Amino acid sequence: HVHTHTTIHSGFEWRTRKYDLVSWDDNFQNLVKFGTENQHYNVPSPMDVTTQEEVGGASTQEQEEANRFYKWVKRTRAEYKSLMGGKSSRMLTEERVAKLRQIGFIV
């Protein structure tokens, strides 16, 4: 799903990614993986976890992806709360809510 644009500049290859091309389903799969590995869905903010040196030099791209995933999880919780409060959600369809319930992310 990721579209990259490659530019050759001074012998270096630069890749830029379109900001929000990670689909809901891709994020959901990341959430399932996170839950399986950690036995919970309390995704920590990448900024809170550790410094870059302690992670072993995680790339900026990995940090950006972790940050986007964290924000998606936070937004999903907020959307669900709004939905339960009687508001409509363009993000959370009935099918998506069912999937989130199935894995125990929401009850």
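Residues numbered from 1 in each chain as written. Predicted model: local features only at pLDDT ≥ 70, side-chain atom pairs only at ≥ 80, totals over all residues. Heavy atoms only, no water.

Here the focus is the overall build of the protein chain. A count of helices and strands for the protein chain gives five helices and two strands. Ordering the α and β elements of the protein chain from the N terminus gives β-β-α-α-α-α-α. Among the 107 residues that make up the protein chain, the fraction classed as buried is 23%. Total accessible area on the protein chain is roughly 8100 Å²; 50% of this is exposed by carbon and sulfur atoms. (Helix = DSSP H or I, 4+ residues; strand = E, 2+ residues; numbered from the N terminus. Buried < 20%, exposed > 50% of the residue type's maximum accessible area, 1.4 Å probe, protein only. Areas by Shrake-Rupley, 256 points an atom, 1.4 Å probe, with all protein chains shown as cover.)

Per the stated rule, a full pass over the model turns up one salt bridge. The closest approach of N and O atoms between lysine 99 and aspartate 25, which form a salt bridge, is 3.4 Å. Taken as a pair, lysine 99 in helix H5 (residues 94-102) and aspartate 25 in helix H1 (residues 24-38) lie far apart in primary sequence, 74 residues in all. Exposure remark for aspartate 25: the relative accessible area of 39% places this residue in the partly exposed category. (Salt bridge = Lys/Arg side-chain N within 4 Å of Asp/Glu carboxyl O.)

This paragraph deals with the nonpolar core. Counting 16 residues, the largest nonpolar core has Leu31 and Leu100 as its most contacted members. Sequence-distant contacts of leucine 100, that is, excluding residues within four places in its chain, are made with Trp24, Phe28, Leu31, Thr76, Leu92, Phe105 and Ile106. (Core = buried A, V, L, I, M, F, W, Y, C linked by side-chain atoms within 4.5 Å. Contact = heavy atoms within 4.5 Å.)

Confidence along the protein chain averages 81 in pLDDT terms, with 70% of residues attaining 70 or more. At the low end of the mean pLDDT range in the protein chain sits strand E1 (residues 4-9), at 45; at the high end sits H5, at 97. In this model, residues 1-10 is a region of pLDDT below 50 whose contacts with residues beyond four sequence positions or in other chains number 22 contacts. Contacts from residues 12-19, a stretch scored under 50 in pLDDT, to residues over four places away or in other chains number 24 contacts. (pLDDT = per-residue confidence, 0-100.)

Below, the discussion takes up the side chain of asparagine 67. Note that asparagine 67 resides in helix H4 (residues 60-84). If we ignore the near neighbours within four places in the chain, the residues touching asparagine 67 are Pro46 and Met47.

Close contact between H1 and H4 brings their axes to 11 Å; oriented N to C, the two are set at 95°. By the criterion of interaxial angle, the relationship of H1 to H4 is roughly perpendicular. Between H1, through Trp24, Asn27, Phe28, Asn30, Leu31 and Phe34, and H4, the contact on the second element is made entirely by Phe69, Trp72 and Val73. Counted by class, the contact of H1 with H4 contains seven nonpolar, two polar and no charged residues. (Axes fitted to C-alpha atoms, helices over the stretch in contact; angles between N-to-C directions. Parallel < 35°, antiparallel > 145°, perpendicular 65-115°, else oblique. Nonpolar A, V, L, I, M, F, W, Y, C, P; charged D, E, K, R; others polar.)

Among the structural elements, phenylalanine 28 can be located in helix H1. For phenylalanine 28, a relative accessible area of 6% translates into the label buried. When sequence neighbours within four positions are dropped, the list of residues in contact with phenylalanine 28 reads Trp72, Lys99, Leu100 and Ile103.

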